[in-house]
Amino acid sequence: MLRPFLHYYFMKKDFQINYEYFRNADELNDIEKKLLEKAKQARENAYSPYSQFSVGCAVLLENGEIFSGNNQENAAFPSGLCAERTALFWISANFPHEKIKKIFVVGGPKEFSENNPPIPPCGACRQSLLEYEIKQNENIDLYFSNMNNEVVKVESIKELLPFYFDSTFL
Ligand code: THU
């Protein structure tokens, strides 16, 4: 496979990222609304006693099934895991051949205020998401949102990780 950034030895370049912003749930289609609701439900079950910051996510598979996850914290802080990877690893363990179409993430402080913006996935979750996007050779739509139903959408994980590390470097 060709390394995507081979040209970085030779040139200066600006990266552009493309995203879409939705002001509220009315601007979403039916499946997107459903994923938003499922992600919010999953957020209710987050185990986040240390950060008081709860995140839920819902993942749509190619077969139409939706699975969810939430953040799982631990008294030994690094042993916890984000909502996205909790869901992704479970899905990959149980449905290794099913493509992931969309992932919807909703997060914010447990005591949510109007000012909390949509929360983007952390770097480690972007890297994990990218692994599955590359593995399945098909883009994953990623949505991230807050409890006010403001939503940001990107149509590939690569939008959020332009200089990504993948197996071509190994
Ligand atoms: N968290 C997620 O679950 N997903 C993210 O993408 C950002 C952060 C969790 C990790 C930790 O439990 C809490 O939010 C505060 O960082």
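What counts, and where the lines are drawn
Residues numbered from 1 in each chain as written. Predicted model: local features only at pLDDT ≥ 70, side-chain atom pairs only at ≥ 80, totals over all residues. Heavy atoms only, no water. Buried < 20%, exposed > 50% of the residue type's maximum accessible area, 1.4 Å probe, protein only. Helix = DSSP H or I, 4+ residues; strand = E, 2+ residues; numbered from the N terminus. Pairing = 2+ DSSP bridges. Contact = heavy atoms within 4.5 Å. Phe/Tyr/Trp six-rings, centres within 6.5 Å; stacked < 30°, edge-to-face > 60°. Core = buried A, V, L, I, M, F, W, Y, C linked by side-chain atoms within 4.5 Å. Expected span 1.5 Å × (residues − 1). Patch = residues over 30% accessible without salt bridge, like charges linked within 9 Å, V, L, I, M, F, W, Y side chains within 5 Å. Areas by Shrake-Rupley, 256 points an atom, 1.4 Å probe, with all protein chains shown as cover. Salt bridge = Lys/Arg side-chain N within 4 Å of Asp/Glu carboxyl O.

(A) Spotlight on unusual backbone geometry. Even without a glycine there, the phi angle at Asn137 is positive, about 55°. By relative accessible area, which is 69% here, Asn137 ends up exposed. Of note in this structure, Asn149 is not a glycine but carries a positive phi near 70°. Structurally, Asn149 can be placed in the loop between strand E5 (141–145) and strand E6 (151–154). Look at Asn149 and you get buried, because its relative accessible area is 17%.

(B) Layout of the pairing of strand E3 (residues 66–70). Pairing geometry for strand E2 (residues 53–61) and E3, over five bridges, is antiparallel. Within the sheet, the bridge partner assigned to Gly56 lies in E3 and is Asn70. Here E2 folds back onto E3 in antiparallel fashion, the turn holding four residues, of which Gly64 has a positive phi close to 95°.

(C) Just the environment of Val105, in detail. Residue position: Val105 is located in strand E4 (residues 100–109). Sequence-wise, Val105 and Tyr143 are 38 residues apart; in three dimensions their C-alpha atoms are separated by 6.1 Å. Dropping the residues within four chain positions of it, Val105 is found in contact with Val55, Gly56, Cys57, Glu84, Leu142, Tyr143, Phe144 and Ser145.

(D) Representation of the packing of aromatic side chains in the model. According to the stated counting rule, one finds seven aromatic pairs in the structure shown. The interplanar angle of 45° and the centroid separation of 5.6 Å between the aromatic rings of Tyr50 and Phe77 together place this pair among those described as tilted. Here the residue Tyr50 occupies a position in the loop between helix H1 (30–44) and E2, and Phe77 occupies one in the loop between E3 and helix H2 (83–94), the gap between them amounting to 27 residues. Looking at Phe77, the relative accessible area reads 61%, which means it is exposed. The structure contains a cluster of three or more aromatic residues connected by ring pairs, namely Phe67, Trp90 and Phe95.

(E) Here's a closer look at the nonpolar core. Ranked by size, the top nonpolar core spans 25 residues in total, and within it Val59, Ile100, Ile103, Val105 and Leu142 carry the most contacts. When residues no more than four places from it in sequence are discounted, the contact partners of Val59 are Leu35, Glu65, Ile66, Phe67, Ala87, Ile91, Ile100, Lys102 and Ile103. Core analysis: the second largest hydrophobic core is formed by twelve residues, Leu35, Ala58, Tyr143 and Val151 among them.

(F) Highlighting helix H3 (residues 123–136). If you check H3, its first and last C-alpha atoms are 20 Å apart, about what 14 residues at 1.5 Å a residue would give, namely 20 Å. Summarising the contacts, the buried residues of H3 are in contact with H2 and E4. Asn137 sits one or two positions beyond H3 and adopts a positive phi of about 55°.

(G) Geometry of a nonpolar patch on the surface. On the surface, a cluster of nonpolar side chains totalling about 330 Å² of accessible area is made up of Ile17, Tyr19 and Tyr21. Inspection of the secondary structure puts Ile17 in the segment before strand E1 (20–22).

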